Amino acid sequence: MALPSLWRRAALIAAAAASASALLPAASASAVVHGRAVPAERYPWLGAVGSPFFFVRPAGQFCGAALTAPDKMLTAAHCVSAVRGLPGVLKVTFGRSDLRDKGGETVDVKSVWVDPRYHETKFKTEDVEHHDLAVLTLKRGVNRPTVATGRPGDAREGEVVGWGTTSETDWFNTRLHAATVPLRGDAACAAAYGASYDASDMLCAGSPKADTCQFDSGGPLLVNGRIVALTSWAYGCARPGYPGVYARV
Ligand code: ARG
């Protein structure tokens, strides 16, 4: 059942956060940890994925997504796989710098495609997301610029953006933030996560100075204005020795 799964997911996230914050000192960094507030107008193709059933967050937001065609959005499989059979519970909201605002544009979702290779394993307490890619088809095309996908090449850094939490102990951020994150190379994540990190479909980025965090998932890692990967998983947020892991597109 999809709705119970959504609840279960919310409860799991909350429980994981509570236990992590009880056991560990707060990560020093800040939606992105150590990000800066940015206006949603700068990312007109960026959507907040939410559901009215997830009422613990304004707009029911729990993930990010990017418009790659007038009616197609790229997001993380782990964000939507539980409701793939119930696309009607999902909504995407564009153009809202703060989720508590009323403005922007909200669109219903017609269908959800999840990469057939998507599956989860475990690293300590965290879910490891493999082939963490999904495509949302919107009920109508929107009149907004799309964003291109690309490859990181030999870039040394990228930009992440999202409405997520600003540290492991922050549950209430609703502001859109962006941060510049270092592209760390596969060796850094292989050292941190061993066989849980699969360089063929994952990308390693971030540091204690800048990282993504909960509710940023599905949002973009941009290099030269193109999406090269999506926020996927990590051990905590901005913890020393544990970079963020992104799903290659
Ligand atoms: N799984 C998280 C989400 O659903 C994203 C975690 C990213 N964590 C990180 N430290 N980079 O929003």
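Look above for the structure.
Residues numbered from 1 in each chain as written. Predicted model: local features only at pLDDT ≥ 70, side-chain atom pairs only at ≥ 80, totals over all residues. Heavy atoms only, no water.

**Some words on the sheet that holds strand β10 (residues 157-162)**
Step number 1: Strand order in the open sheet formed by seven strands is β1-β11-β10-β13-β14-β15-β12, and the pairing between neighbours is antiparallel. Strands with a single pairing partner mark the edges of an open sheet, and in this sheet they are β1 (36-37) and β12 (202-205).
Step number 2: Pairing of β10 with strand β13 (residues 220-223), which is carried by two bridges, proceeds in the antiparallel orientation. Of the residues in β13, the one forming a bridge with E159 is L222.
Step number 3: Its contacts with the sheet put helix α3 (residues 186-193) on β12, β14 (226-233) and β15 (244-248), and the angle it makes with β15 is roughly 120°. (Pairing = 2+ DSSP bridges. Helix = DSSP H or I, 4+ residues; strand = E, 2+ residues; numbered from the N terminus. Contact = heavy atoms within 4.5 Å. Axes fitted to C-alpha atoms, helices over the stretch in contact; angles between N-to-C directions.)

**Brief notes about the site of the ligand**
Step number 1: Taken together, the neighbourhood of the ligand is formed by 15 residues, with D211, T212, F215, S217 and G236 sitting nearest.
Step number 2: S232 is positioned such that a nitrogen or oxygen atom in its backbone is 3.1 Å from a nitrogen atom of the ligand.
Step number 3: When isolated, the ligand has an accessible area of 350 Å², and the protein chains bury 94% of it.
Step number 4: Taken together, the residues of the shell around the ligand break down into four nonpolar, eight polar and three charged. (Near = heavy atom within 4 Å. Polar contact = N/O pair within 3.5 Å; in protein donor to acceptor, adjacent residues only side chain to side chain. Areas by Shrake-Rupley, 256 points an atom, 1.4 Å probe, with all protein chains shown as cover. Nonpolar A, V, L, I, M, F, W, Y, C, P; charged D, E, K, R; others polar.)

**Looking at the pairing of β13**
Step number 1: Burial along β13 is two-sided: the residues P220 and L222 and L221 and V223 are all buried.
Step number 2: The loop that links β13 with its antiparallel partner β14 comprises two residues; one of these, N224, has a positive phi angle of about 50°. (Buried < 20%, exposed > 50% of the residue type's maximum accessible area, 1.4 Å probe, protein only.)

**Describing α3**
Residues spaced three or four apart along an α-helix point in a common direction, a consequence of the helix completing one turn every 3.6 residues.
Step number 1: When we look at burial in α3, the residues that qualify are C189, A192 and Y193. The arc that holds every buried residue of α3, seen down its axis, measures 75°, which confines them to one face. Seen from the buried face of α3, the exposed residues on the opposite side, beyond 90 degrees, are A187 and A191.
Step number 2: Contacts from the buried residues of α3 go to β7 (119-123), β12, β14 and β15.
Step number 3: Two residues or fewer past α3, G194 is found with a positive phi of approximately 55°. (Arc of directions from axis to C-beta.)

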